[in-house]
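Here's the letter readout for the chains.
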Amino acid sequence: MTVIRIGFALALAMIASACDGAGGAMMDSAALIEGTGVTATVSERADGRFDVDYVFAAPQTAMIFSRSTGDYRVGAWEVAGEGARLERLNGFDTLVFDAPASQVSLVAEPRFVNPEGDYSPFVDFSDGGLALFTGQFDLMPVADADAAAALEGRLDRWRGEQPVLGVRVRSDRRMVFEGAVREGAIEDVSLGGGSFVYLGDGEIVEGRSYIGVIDRGLPDWVLASIDRDMEAIFALYETRWQRPLDERAVLYFAFGGYDNPGFSNKGGVSGSVIMLDTSGEAMREESPRLRNYLNWFFAHEVAHQFQNASGARNGDTADSWIHEGGANTMANALVAGMTEEPGAYIDTAYAQAWTNCLPALQDGPLRGAGARGYFGAYYDCGSLVSLIAAAGAPDGDIYAIWQAMQSAALDMDEPVSADLFFAAMSGLGADADLVRPLRRIVIEGVVDPAGELRAAMAMTPLSPEFDEAGQLTGFGAQN
Ligand SMILES: [Zn+2]
């Protein structure tokens, strides 16, 4: 049997993360966490490095790190003692044992890298705090160094039964894990997943649906508004979705300092954890634009948390436009309402979406656009479709469409799909003449996407406005 479940997507709703905080009796030892094939006990040392003590359920001859992008271990992690070596073999960081081994110990120095397409293994906060991603400790057995090298860095070539990973993190510092402040040790169990654990004294802000760890080194103008803005974002979603989150979202807001020019931002979502790592010279000056951007990022990710709260299954990746477009449309309206000029904010957001979306629709339908190289279309075209659908459904809004779609999915024991999206829209009073062109845009593809979108908008109360070149500039009647 081959089970490989590695959730690599950034800002994607469809990440599977099976974490459970098994509390317990074994906390103080470095023993195997029950039910795992590989347990890493990760203990913070006084020198800023970590002791990483592995125990395996069965003796191993060699193990690859399933998350090896970024090449940050060799040179920073050292095997403690004899009988094993750490090498990089054709793209995989690999532990090779002289004789079958049931345990190995390493000392790891955190490297703050941003691997392409994967989570940062360690994220540093300018106030001395640190978040570590437990998924970086995932190991998969191979026969030997040659077998590791033969994979050529490709996880899909690996064959075997993936061991369940247990990670026990121990620190004298305060920790935040799974929406709660912890002392001493935490345990995370996952299969191809992982979670962020925070260690440090960062400022903690809490609401009914979230707990946030905020870098105290962030500029004052961000710190002055972040608490209020987070509260507002969650409160608005609780109202619109008519429910709080069952499992609190965990927000980590790290600041990398002012050293690099401009503004840089890396965000990621893993299960209920939202990570934002931002830095740059532009952060020095108070900027409504940057504040809107940060709020928009959080609002988009938090929309996913609420989308996922119903228990309805996510559909095919080809239909990611439902989640990403929905999250964009929700975030646009929500952040617009937090600005001084909501109309202008909305106009700019959808004018940009229009520009970005059209090339993808000229190439084919929205469904599957990502596989054709237009992954951004799920966000841009998806937000336009969501906006039109909501405006064209007189008995509801985007939240009502989502709720109807998800309750139908649960009733029918089916994943969320384009069919259920359009059925929900119809159920909320949308005209069949509006549903039809949207279905064509999504499923079949259209020859004249600008014309079709424009015609669809004209059937709603949106009152779209265009310039002479046919570019959407905004909406006459804001809703
Ligand atoms: Zn998203």
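About the criteria used
- Residues numbered from 1 in each chain as written.
- Predicted model: local features only at pLDDT ≥ 70, side-chain atom pairs only at ≥ 80, totals over all residues.
- Heavy atoms only, no water.
- Helix = DSSP H or I, 4+ residues; strand = E, 2+ residues; numbered from the N terminus.
- Buried < 20%, exposed > 50% of the residue type's maximum accessible area, 1.4 Å probe, protein only.
- Lys, Arg positive; Asp, Glu negative; His and termini not counted.
- Salt bridge = Lys/Arg side-chain N within 4 Å of Asp/Glu carboxyl O.
- Contact = heavy atoms within 4.5 Å.
- Donors = N, O, S within 2.8 Å, 3.2 Å for Na, K, Ca; no water.
- Phe/Tyr/Trp six-rings, centres within 6.5 Å; stacked < 30°, edge-to-face > 60°.
- Lys NZ or Arg CZ within 6 Å of the ring centre and 35° of its normal.
- Domains from an automatic or database assignment.
- Buried area = accessible area lost by both parts, 1.4 Å probe.
- Polar contact = N/O pair within 3.5 Å; in protein donor to acceptor, adjacent residues only side chain to side chain.
- Nonpolar A, V, L, I, M, F, W, Y, C, P; charged D, E, K, R; others polar.
- Disulfide = S-S within 2.5 Å.
- Core = buried A, V, L, I, M, F, W, Y, C linked by side-chain atoms within 4.5 Å.
- Expected span 1.5 Å × (residues − 1).
- Bend = angle between axes of the 7 residues up to and from the residue.

**Section: the side chain of Asp277**
Then, in step 1: Summarising the element assignment, Asp277 is placed in strand E16 (residues 273-279).
Then, in step 2: Of the side chains with opposite charge, Lys266 lies nearest to the buried Asp277, which makes no salt bridge, at 7.9 Å.
Then, in step 3: Discounting residues that sit within four places of it in the chain, Asp277 has contacts with Val123, Ala254, Gly256, Ser264, Asn265 and Lys266.

**Digging into the pattern of salt bridges**
Then, in step 1: Summed over all chains, the structure comprises 24 salt bridges.
Then, in step 2: Of the charged contacts, one joins Arg85 and Glu87 as a salt bridge, the two residues approaching to 2.6 Å between their closest N and O atoms.
Then, in step 3: By relative accessible area, Arg85 is classed as partly exposed at 38%.
Then, in step 4: A salt bridge links Arg154 to Asp156, with the shortest nitrogen-to-oxygen separation between them at 2.8 Å.
Then, in step 5: Overall, the relative accessible area of 38% leaves Arg154 in the partly exposed class.

**Some remarks on the coordination of the zinc ion**
Then, in step 1: Every protein donor of the zinc ion is listed here as His300 (NE2), His304 (NE2) and Glu324 (OE), and their distances to the metal cover 2.0 Å.
Then, in step 2: When the donor residues of the zinc ion are listed from N- to C-terminus, their spacing reads H-x3-H-x19-E. Residue His300 is located in helix H3 (residues 288-308), and its partner Glu324 is located in helix H4 (residues 321-336); the two are separated by 24 residues in the primary sequence. Taken individually, His300 and Glu324 each receive the classification buried, so the pair is uniform in this respect.

**Brief notes about unusual backbone geometry**
Then, in step 1: Despite not being glycine, Glu152 shows a phi value in the positive range, around 50 degrees.
Then, in step 2: With respect to the element layout, Glu152 can be found in the loop between helix H1 (145-150) and strand E9 (165-177).
Then, in step 3: Non-glycine residue Gln242 carries a positive phi angle of around 60 degrees.
Then, in step 4: By the secondary structure assignment, Gln242 is in the loop between helix H2 (220-241) and strand E14 (249-255).

**Quick look at the environment of Ala424**
Then, in step 1: Inspection of the secondary structure assignment puts Ala424 in helix H8 (residues 418-427).
Then, in step 2: You can call Ala424 buried: its relative accessible area is 6%.
Then, in step 3: Separated by 203 residues in sequence, Ala424 and Trp221 place their C-alpha atoms 42 Å apart.
Then, in step 4: The residues contacting Ala424, other than those within four sequence positions of it, are Ile401, Ala404 and Met405.

**Concerning the packing of aromatic side chains**
Then, in step 1: If you walk through the whole model with that rule in mind, you get 30 aromatic pairs.
Then, in step 2: Seen in terms of ring centroids, Trp241 and Tyr399 are 5.6 Å apart; in terms of plane orientation they differ by 85 degrees. Their pairing is edge-to-face. Here the residue Trp241 occupies a position in helix H2, and Tyr399 occupies one in helix H7 (residues 398-412), the gap between them amounting to 158 residues. Pair check on accessibility: Trp241 and Tyr399 agree, each one buried.
Then, in step 3: Between Phe297 and Phe298 the ring centres are 6.0 Å apart and the planes differ by 75 degrees, which places this aromatic pair in the edge-to-face class. The same class applies to Phe297 as to Phe298, namely buried.
Then, in step 4: Cluster of aromatic residues (ring-pair linked, three or more members): Tyr54, Phe56, Phe65, Tyr72, Trp77, Phe97 and Phe137.
Then, in step 5: Above the ring of Tyr258, the side-chain terminus of Arg284 is found at 4.4 Å from the ring centroid.
Then, in step 6: The ring of Phe466 has Arg454 sitting right over it, with the charged end atom 4.0 Å from the ring centre.

**Remarks on the domain arrangement of the protein chain**
Then, in step 1: Domain parsing of the protein chain yields domain 1 (38-117 + 130-198), domain 2 (204-308) and domain 3 (317-475).
Then, in step 2: Here the C-alpha centre of domain 2 lies 29 Å away from the C-alpha centre of domain 1.
Then, in step 3: When the buried area of domain 1 at its contact with domain 2 is split by residue, Val176, Gly179 and Phe196 rank highest and sum to 45% of it.
Then, in step 4: Counting across the domain 1 and domain 2 interface gives zero salt bridges.
Then, in step 5: Remark: the boundary between domain 1 and domain 2 carries four residue pairs in polar contact (both at pLDDT 80 or more).
Then, in step 6: For the side of domain 1 that touches domain 2, the secondary structure elements donating two or more residues are strand E7 (130-133), E9, strand E10 (180-190) and strand E11 (196-199).
Then, in step 7: Among the residues forming the side of domain 1 that touches domain 2, the class breakdown is ten nonpolar, four polar and two charged.

**Focus: the state of the cysteines**
Then, in step 1: This structure, assessed with the given rule, holds one disulfide.
Then, in step 2: Paired by a disulfide, Cys357 and Cys381 hold their sulfur atoms 2.1 Å apart. Disulfide Cys357-Cys381: torsion about the S-S bond near 110 degrees, hence right-handed. Linking Cys357 in helix H5 (residues 342-363) with Cys381 in helix H6 (residues 377-391), this pair joins segments that are 24 residues apart in sequence. The exposure classification of Cys357 matches that of Cys381, with both residues buried.

**What about H8?**
Then, in step 1: Here H8 has its buried residues at Ala418, Leu420, Phe421, Phe422, Ala424 and Met425.
Then, in step 2: Tucked inside the fold, the buried residues of H8 contact H4, H6, H7 and helix H9 (432-444).
Then, in step 3: Of the residues one or two after H8, Gly429 is the one with positive phi, at around 95 degrees.

**Some details on the nonpolar core**
Proteins that are soluble and globular tend to have nonpolar side chains buried together.
Then, in step 1: In this structure, Tyr237, Phe298 and Trp321 are the most contacted members of the largest nonpolar core, which totals 92 residues.
Then, in step 2: Among the elements that make up this core, the one with the highest residue count is H6 (eleven residues).
Then, in step 3: The two domains that each donate at least three residues to this core are domain 2 (204-308) and domain 3 (317-475).
Then, in step 4: Excluding its chain neighbours within four sequence positions, the residues that come into contact with Trp321 are Gly326, Leu366, Tyr378, Gly382, Val385, Ala418, Phe421, Phe422 and Val442.

**Let's talk about H5**
Then, in step 1: Along its 22 residues, H5 runs 33 Å from first to last C-alpha, staying within 8% of the 32 Å computed at 1.5 Å per residue.
Then, in step 2: For H5, the principal kink sits at Cys357 and spans about 35 degrees; a proline, Pro359, occurs within the next four residues.
Then, in step 3: Among the residues of H5, those classed as buried are Tyr345, Ile346, Asp347, Tyr350, Ala351, Ala353, Trp354, Cys357, Leu358, Ala360 and Leu361.
Then, in step 4: Just downstream of H5, Gly364 is the residue with a positive phi angle, here 160 degrees.

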